[in-house]
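Chains, contacts and geometry: an overview
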Amino acid sequence: MDHDLTDESVYDAVRARQWSRMSRRGLLRGSAALGAGLAFAGAAPSPARAAGPIVKPLPPEWFVSHGTNAELRWESVRTREFLTPAERFFVRNHTATPEIDPDAYRLRLWGDGLRGAPGPGQAVEFGYGDLRSLPAETVTAAIECTGNARGFFTTQQGQAVSGTPWRLGAIGVGRWRGVPLATVLRHAGLTPEAVDVLPSGLDAEYVDKGVVQGRVRRPLPVSKALEDVLLAYELNGRPLPPDHGFPVRVVVPGWAGIASIKWVGDIQVAAEPLFSPWNTRYYRLFGAGHPPEGSEPVTRQNVKSAFELAWDAEIPARRRVVLTGRSWSGGGRIRRVEVSVDEGASWRPAVLERARARYAWQRWRYVWERPAKGSHVLLARAVDETGAVQPDTEPHNTLGYLFGAVVRHPVTVV
Ligand SMILES: Nc1nc2c(c(=O)[nH]1)N[C@H]1C(S)=C(S)[C@@H](COP(=O)(O)O)O[C@H]1N2
Ligand SMILES: [Mo]
């Protein structure tokens, strides 16, 4: 059968079926080795082989499946639980979760932004134990896909976009522990001339519309790398799960999920700006109103809000219905959240729970008095500490990034 593999979501679904067929035939080991080739000339072979698109169980009551990706169901979020448990964290895989032996694992740093300008063959190496023995830091931060809420460009605004049609569940908040990237860069001999670092993953090369794009990798300015970026080896107090980057991933607080490279094996440090498909052909805004080469690369995530409710939820009629939800922004803390239960004719403030972390979400609740039986649309909108708001509509971009408009959430009171 022919599939339109130019559509990322179709591609991911087809790919996931191929994986499950291969693993049933017991061919996984052999075929996965194909994906474990060289990242680029001079790089060491990776210790990784693919373990499958996603390793952890994906109970349908917790996840919506999108091929190699899995979306959190907001109705499964436990209201009193601030952090997203590792087993419930959404997964966004370009290819498949690799299985990496921590004893064979090496993080390799090289490039003309390091003292002595080591080439890829003379990289400075750190083992898993080396990284774990450096002074650790912890940050509570969301990781959110820049395509989160992409589906609403189509369902709410009637616009065509390509990519996984997520609702609002391509986000999770974790407590990440690891070594600051700054520490490792300094140990490796960072020079004042360095401007960009390029972490790349040990998962298989990404193939888009038949074109090999190479290892998943995305340049990060040295300024951000030195500010608050972690090389994380723990999520919520346990070693990273395979699907979330074991043994080590990058965590870039507040930024597009793509910056937080999982299974990081290699970091080029350069004295000139670096480019990869992930800051040129992806993760820029394209289409009408944007330059032909796209906008500046996407960095910070925008403001969004979600109700802890199923899509088309049935809500038993009561005198007072307590609605709970969360709002978040890559720009900073959430200052105010408002809810409308009358299609936006009137807005009332939600009550914010005690605020927690700079880079996490804000929980809130709203009492809906005497809802009438029948269909309703619930709206929530937030403002962050920089004054950024959620608009009624989001200007279109062809890849469907950064949908930050107010989401119209349908419910029925029964
Ligand atoms: N090596 C590698 N890193 C990656 C990806 C990937 O496919 N491979 N996906 C990126 C994207 S697009 C997102 S949104 C986040 C998702 O992180 P999670 O799967 O832990 O939720 O990882 C990022 N890091
Ligand atoms: Mo993403």
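These numbers come from a predicted model, not from an experiment. (Residues numbered from 1 in each chain as written. Chains lettered and ligands numbered in written order. Predicted model: local features only at pLDDT ≥ 70, side-chain atom pairs only at ≥ 80, totals over all residues. Heavy atoms only, no water.)

Next up on the list: the site of ligand 1. If you check the shell around ligand 1, you find 20 residues, and the closest are Phe90, Asp203, His244, Arg249 and Lys262. Contacts to ligand 1 include aspartate 203, whose side-chain N or O atom sits 2.7 Å from a nitrogen atom. In isolation ligand 1 offers 530 Å² of accessible surface; the protein chains occlude 100% of this area. Broken down by class, the residue content of the shell around ligand 1 amounts to ten nonpolar, six polar and four charged. (Near = heavy atom within 4 Å. Polar contact = N/O pair within 3.5 Å; in protein donor to acceptor, adjacent residues only side chain to side chain. Areas by Shrake-Rupley, 256 points an atom, 1.4 Å probe, with all protein chains shown as cover. Nonpolar A, V, L, I, M, F, W, Y, C, P; charged D, E, K, R; others polar.)

This part covers the environment of tryptophan 347. The residue tryptophan 347 is located in the loop between β21 (334-340) and β22 (348-349) in this model. Along the sequence, tryptophan 347 and arginine 381 sit 34 residues apart, while their C-alpha atoms lie 9.2 Å from each other. Not counting the four nearest positions on each side in its chain, tryptophan 347 is found in contact with Glu338, Val339, Ser340, Leu379, Ala380, Arg381 and Val406. At a separation of 3.3 Å, a polar atom in the side chain of tryptophan 347 contacts the main-chain carbonyl oxygen of glycine 344. (Helix = DSSP H or I, 4+ residues; strand = E, 2+ residues; numbered from the N terminus. Contact = heavy atoms within 4.5 Å.)

Our next topic: the sheet that holds strand β3 (residues 69-72). As summarised here, the arrangement of the three strands in space is β2-β3-β4, forming an open sheet in which the pairing is antiparallel. Strands with a single pairing partner mark the edges of an open sheet, and in this sheet they are β2 (63-66) and β4 (91-92). Summarising the sheet, β2 and β3 pair through four bridges and their orientation is antiparallel. Counterpart to serine 65 in the pairing with β3 is alanine 70. (Pairing = 2+ DSSP bridges.)

Moving on to the packing of aromatic side chains. The tally for this structure, following the rule as stated, stands at 15 aromatic pairs. Ring geometry for tryptophan 74 against tryptophan 328: centres 5.8 Å apart, planes inclined by 10 degrees, an arrangement best described as stacked. Of the two residues, tryptophan 74 is situated in the loop between β3 and β4 and tryptophan 328 in strand β20 (residues 320-328); the sequence distance between them amounts to 254 residues. One exposure class covers both tryptophan 74 and tryptophan 328, and it is buried. With a centroid separation of 5.3 Å and 85 degrees between ring planes, the pair formed by phenylalanine 307 and tryptophan 364 is classed as edge-to-face. You can see phenylalanine 307 sitting in strand β18 (residues 304-307) and its partner tryptophan 364 sitting in strand β24 (residues 362-369), a full 57 residues away along the chain. In this pair, the class of phenylalanine 307 matches that of tryptophan 364, namely buried. (Phe/Tyr/Trp six-rings, centres within 6.5 Å; stacked < 30°, edge-to-face > 60°. Buried < 20%, exposed > 50% of the residue type's maximum accessible area, 1.4 Å probe, protein only.)

As a further point, take the side chain of arginine 88. Considering the arrangement of structural elements, one finds arginine 88 in the loop between β3 and β4. Buried within the structure, arginine 88 lacks any salt-bridge partner; its nearest side chain of opposite charge belongs to glutamate 81, at an N-O separation of 5.1 Å. With residues up to four places along the chain from it excluded, the contact list for arginine 88 reads Lys56, Trp62, Phe63, Leu72, Ser76 and Arg78. (Lys, Arg positive; Asp, Glu negative; His and termini not counted. Salt bridge = Lys/Arg side-chain N within 4 Å of Asp/Glu carboxyl O.)

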